[in-house]
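Architecture at a glance
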Number of protein chains: 2
Amino acid sequence: MANGTTPETKAATPVVISIDAMGGDRGPAAVVAGLVLSAETFPDIAFLLHGNEVELGKLVSREPALRGRVTLCHAERVVTMHDKPAQVMRNGEGTSMWSCIESVKRGDAAVAVSCGNTGALMALSLIRLRRLPGINRPAIASFWPSRNPTGFNVMLDMGADIKADADDLVQFATMGASYARNGLKLTRPRVGLLNVGTEEHKGRAELKEAQERLIALQEVGDFEYVGFVEGSDITTASVDVIVTDGFTGNIALKTGEGVAKLIADVLREEFTRSIWSKIAAAVAMGTLKRFQRRIDPRRANGGVFLGLNGTVVKSHGSADATGVAAAVRLAYQLAKSGFLERLAARVASADQAGQDAAARAAPSGAEGGTT
Amino acid sequence: MANGTTPETKAATPVVISIDAMGGDRGPAAVVAGLVLSAETFPDIAFLLHGNEVELGKLVSREPALRGRVTLCHAERVVTMHDKPAQVMRNGEGTSMWSCIESVKRGDAAVAVSCGNTGALMALSLIRLRRLPGINRPAIASFWPSRNPTGFNVMLDMGADIKADADDLVQFATMGASYARNGLKLTRPRVGLLNVGTEEHKGRAELKEAQERLIALQEVGDFEYVGFVEGSDITTASVDVIVTDGFTGNIALKTGEGVAKLIADVLREEFTRSIWSKIAAAVAMGTLKRFQRRIDPRRANGGVFLGLNGTVVKSHGSADATGVAAAVRLAYQLAKSGFLERLAARVASADQAGQDAAARAAPSGAEGGTT
């Protein structure tokens, strides 16, 4: 397992990403095709590839771009989309997903990437990597297309768990802000709590409690708390980090995907319904292609598990080569920026501030630089 | 108040709709413009128009289409978008919204329509009209664009309340199915519970409980229960009635609206970015206009309050004439079909079946025809 990570190579130490090749809807061929795109983009990337050695060996040997950059790690078994997380927690050893996470736990790779079963991936990540000190509930954070200058915002939790209390929401805000600082290069991200209205009296009790604590935490947390935001704000330029529980986040994400698909389908139908509309489509081809690129959901593929002693990127199960490459790019950027260490320092600092506040002391100012 | 409802008119008895002219974002002029469109469509429609008599009198007198079909009902005060529901419940008397609901309570109008503050409208509707027997929590139901043959499905609760237990979800299913039968002309609507996954073990406890009860209720309720559905299913052809709590429903609705707006904005930007794309837009004008009409959210304007002794339609606050006319069309259709009586019969029947099931007796078969 050493040839990708040995310091003897002439180039700088490679950035090693651990890849679960199995378990995605399109199988290992799509994953390997994605790695080819990634290898062409990042000269210093290397992969630990987990799954059936024979099958993967054939796929990798056909790709010159991957020569010398892939270490195969054989795993006999595969976690399917139908396996229940609780079963995978008990019997997951020997699967490519387990092996993929294990490489991060051992320090052989910086970040793990999988297209597999989300619930199982979170369950295995939890028992193998464990929570960061001070975190009750890890969360999945995703980029969401918006009118912000970067084109995206960060939203969490997208479905790691189905609930979140006020403590969890405050921790999500801290982690989401850290992710936005590192992933979107924002100095002081604007954080909002997702609610059914922007007025103070609206919504559930845990949201009101979290709101009060975020107002108090924004200085030491180095973010700007902008208050409650609504579903219609998610795509605007008014907020950078949207905090919600995993039930609501999952419904919002999938609803948004569904609406985007419906609109794209209707547009396609209208541009193919007659000979005249087909001619119009031909004339407008360049414009339509640019439009399609801008709303392509594959650009933003990759949910990040936050709150663990290790970074795990969950790719969409149906990701093709472009989608896999986007998830790997995200993993590479997070590894390169030392994101995990920054996040851990932020969480520790916010945790300390919370304890200080609880003890009615002044904030300790124990901030950890630009984490 | 009699000239719109007197039986002396030569035509059939008019369908009287009670309209709150104030409180919408665009003011009474947009409401009156919407009524003009409605009056042109429905020869037997008449209006009770609540608000400032002087202001409304001027607007109405300019419109020949409204001659003899509008009865002005003066109301001194207006509920604003910033008023809290609890305050409006205490001090709402004398507002145009109160007066609008009062006309339905007295039986002077069949259905009430308002573009005003949703929370206040629900609060006033609750205290003036009261719940239908057997209903714990009223709900707001909306049409949602989908790939279904009708082009829509029904979703509820869209934000009447922020929570719903298993009892509420089962009642929402019964009411939503009745609304789909009457509003979408479906014989046996397919009902689904919105969840974060379709597997049985997924989601919150109240969803699992509601699921078991809906499986048992589907025969007497005259709907087909299709199981858990996800956010991505809302826009598909796989379900007709989507049941969820008002917090999740509101977030899903506004997220969908936000995504649709973002996509429309990007499309507009791409078709105006250069002289070439403007030429392409000119060539594709007919196709783009058809596309725009198909995704126009104003077509589906109007949330219906279900579970009260009276029908109230909530129009979008920012509705223009087209939007107001869509909400009035919905009100007209519900009045014409005797929807309220059918819904009440369904609720009573489901309530009876629930009591029978609770008493471990066989279902009573006390079904009320095609309600």
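Everything numeric in this text was worked out from a predicted model, so none of it was measured. (Residues numbered from 1 in each chain as written. Chains lettered and ligands numbered in written order. Predicted model: local features only at pLDDT ≥ 70, side-chain atom pairs only at ≥ 80, totals over all residues. Heavy atoms only, no water.)

Some points on the pairing of strand 10 (residues 303-306) of chain A
Two faces, one strand: in a regular strand the side chains alternate between the faces of the sheet. All names here are of chain A. Filter applied, for reference: Exposure classes here rest on a 1.4 Å probe applied to the protein chains alone. A residue is buried below 20% of its type maximum, exposed above 50%, and partly exposed in between. Strands here are runs of E lasting at least two residues and helices are runs of H or I lasting at least four, both read from the DSSP assignment and numbered beginning at the N terminus. At least two DSSP bridges between two strands are required for those strands to pair.
Taking every second residue as pointing to the same face, both faces of strand 10 are buried, with G303 and F305 on one and V304 and L306 on the other. Where strand 5 (residues 139-145) and strand 10 come together, 3 bridges link them in antiparallel fashion. When the bridges of strand 10 are listed, I140 appears paired with F305. In this structure, strand 10 lies alongside strand 11 (residues 311-314), joined through 3 bridges in antiparallel fashion. Of the residues in strand 11, the one forming a bridge with G303 is K314. Hairpin connection between strand 10 and strand 11: a loop of 4 residues separates the two successive antiparallel strands, and G307 in this loop has a positive phi of roughly 105 degrees.

Quick look at the environment of F291 of chain A
Note the threshold: Only heavy atoms matter for contacts: two residues are in contact if any of them lie within 4.5 Å across the pair.
Checked against the element boundaries, F291 of chain A lands in helix 10 (residues 285-295). Classification of F291 of chain A as buried rests on a relative accessible area of 5%. Those residues within four positions of F291 of chain A in sequence are excluded, and the remaining contacts are L267 of chain A together with I263, V266, L267 and E270 of chain B.

Quick notes on the nonpolar core
Where we set the bar: We call a set of buried Ala, Val, Leu, Ile, Met, Phe, Trp, Tyr and Cys residues a nonpolar core when their side-chain atoms join them within 4.5 Å.
In this structure, F47 and Y179 of chain A together with F47 and Y179 of chain B are the most contacted members of the largest nonpolar core, which totals 228 residues. With near-sequence residues (within four places) excluded, Y179 of chain B lies in contact with A141, F143, V154, L184, V304, L306, L330, L334 and F339 of chain B.

Here we look at the interface of chain A and chain B
Basically, it comes down to this: Accessible surface is computed with a 1.4 Å probe, and the buried area is the amount of it that two parts give up when combined, taken over both parts together. The rule for a salt bridge is simple: a side-chain nitrogen of Lys or Arg has to be within 4 Å of a carboxyl oxygen of Asp or Glu. Two N or O atoms form a polar contact when they lie within 3.5 Å of each other; inside protein one atom must be a possible hydrogen donor and the other a possible acceptor, and for residues adjacent in sequence the pair counts only when both atoms belong to side chains. In the scheme used here, Gly and all other residues not listed as nonpolar or charged are polar, with Ala, Val, Leu, Ile, Met, Phe, Trp, Tyr, Cys and Pro taken as nonpolar and Asp, Glu, Lys and Arg as charged.
Contacts between the two partners involve 53 residues from chain A, matched on the other side by 53 residues from chain B. Summed over both partners, the interface of chain A with chain B comes to about 4800 Å²; 70% of that surface belongs to carbon and sulfur atoms. One can count 8 salt bridges joining chain A with chain B. Here E230 of chain B ties to K254 of chain A by a salt bridge, and the two come within 2.3 Å at their closest N and O atoms. Remark: the boundary between chain A and chain B carries 10 residue pairs in polar contact (both at pLDDT 80 or more). The set of elements that each furnish at least two residues to the side of chain A that touches chain B consists of strand 5, helix 8 (246-270), helix 9 (275-283) and helix 10 of chain A. By residue number, the principal contributor to the side of chain A that touches chain B is helix 8 of chain A, which donates 19 residues. Looking at the side of chain A that touches chain B residue by residue, the classes come out as 25 nonpolar, 15 polar and 13 charged.

Concerning the environment of G183 of chain B
Residue and element names in this part refer to chain B. Relative to the assigned elements, G183 resides in helix 6 (residues 166-183). The class of G183 is partly exposed, set by a relative accessible area of 31%. Taking the C-alpha atoms as reference points, G183 and F339, separated by 156 residues in sequence, lie 8.6 Å from one another.

Brief notes about the packing of aromatic side chains
All names here are of chain B. Put simply, the rule is: Only Phe, Tyr and Trp rings are paired, with Trp represented by its six-membered ring, and only when their centres lie within 6.5 Å; those with planes under 30 degrees apart are stacked, over 60 edge-to-face, the remainder tilted.
What the rule picks out here adds up to 8 aromatic pairs over all chains. With 4.0 Å between their ring centres and 20 degrees between their planes, F42 and Y332 make a pair best called stacked. Taken together, the residues span a long stretch of sequence, with F42 in the loop between helix 1 (27-41) and strand 2 (45-51) and Y332 in helix 11 (residues 321-336) at a distance of 290 residues. The pair F42 / Y332 is uniform in exposure class, with both members buried. Measuring from centroid to centroid gives 6.0 Å for F143 and F152, while their planes differ by 45 degrees, and the two rings are tilted.

Some words on the side chain of D157 of chain B
All names here are of chain B. We apply this condition: Residues scored as charged are limited to Lys and Arg (positive) and Asp and Glu (negative), so that His and the chain ends carry no count.
By the secondary structure assignment, D157 is in the loop between strand 6 (152-156) and helix 6. Buried and unpaired, D157 has R137 as its nearest opposite-charge partner, separated by 7.1 Å. Reaching out from D157, the side chain makes a polar contact with the backbone nitrogen of I140 at a distance of 2.9 Å. Leave out the neighbours within four places in its chain, and D157 touches A139, I140, F172, T244, D245, G246, G249 and N250.

Looking at the sheet that holds strand 7 (residues 190-194) of chain A
Residues and elements named next belong to chain A. Cut-off, in case you're wondering: Axis definition: a line fitted to C-alpha atoms, limited for helices to the stretch in contact. Angles are taken between N-to-C directions and run from 0 to 180 degrees.
On the basis of which strands lie adjacent, the open sheet formed by 11 strands has the order 3-2-1-4-11-10-5-6-9-7-8 and mixed pairing. Of all the strands in the sheet, just strand 3 (70-74) and strand 8 (224-229) have a single pairing partner and so form its edges. The average angle at which neighbouring strand axes cross in this sheet is 25 degrees, direction not considered. Examined bridge by bridge, strand 4 (residues 111-114) and strand 11 share 4 bridges and lie parallel to one another. Across the sheet, V113 pairs through a bridge with V313, a residue of strand 11. Its contacts with the sheet put helix 2 (residues 53-61) on strand 2 (45-51) and strand 3, and the angle it makes with strand 3 is roughly 160 degrees.

Describing the sheet that holds strand 8 (residues 224-229) of chain B
Residue and element names in this part refer to chain B. Spatially, 11 strands are ordered 3-2-1-4-11-10-5-6-9-7-8 in an open sheet, and the strand pairing comes out mixed. The strands lining the two open edges of the sheet, one partner per strand, are strand 3 (70-74) and strand 8. Within this sheet the neighbouring strands show an average axis-to-axis angle of 25 degrees, counted without direction. The pairing of strand 7 (residues 190-194) with strand 8 spans 5 bridges and is classified as parallel. Within strand 8, the residue paired with L193 across the bridge is F228. The strands that helix 5 (residues 118-129) touches are strand 4 (111-114), strand 5 (139-145), strand 10 (303-306) and strand 11 (311-314); relative to strand 11, the one it contacts most, it runs at about 175 degrees. Across the sheet, helix 7 (residues 205-221) touches strand 7 and strand 8, and the angle it forms with strand 8 is around 165 degrees.

Overview of the domain arrangement of chain A
Residues and elements named next belong to chain A. The following threshold applies: Note that domain bounds follow an automatic or database assignment of domains.
By the assigned domains, chain A splits into domain 1 (15-130 + 308-337) and domain 2 (139-297). Linking domain 1 with domain 2 are 0 salt bridges, by the criterion used here. Here domain 1 is connected to domain 2 by 0 residue pairs in polar contact (both at pLDDT 80 or more).

Structural notes on unusual backbone geometry
If a residue is not glycine, its phi is most likely negative; likewise, a peptide bond is most likely trans. Cis rather than trans, the peptide bond between L156 of chain A and D157 of chain A has omega equal to 0 degrees. Notably, D222 of chain A is not glycine yet its phi reads approximately 60 degrees, a positive angle. Within the fold, D222 of chain A resides in the loop between helix 7 (205-221) and strand 8. For K185 of chain B, which is not glycine, the phi torsion reads 60 degrees and is therefore positive. Tracing the sequence through the fold places K185 of chain B in the loop between helix 6 and strand 7. Its relative accessible area of 64% is what places K185 of chain B among the exposed residues.

Considering the environment of Q355 of chain B
Note that Q355 of chain B resides in helix 12 (residues 339-358). Here the alpha-carbon distance between Q355 of chain B and F172 of chain B, two residues 183 residues apart in the chain, equals 17 Å.

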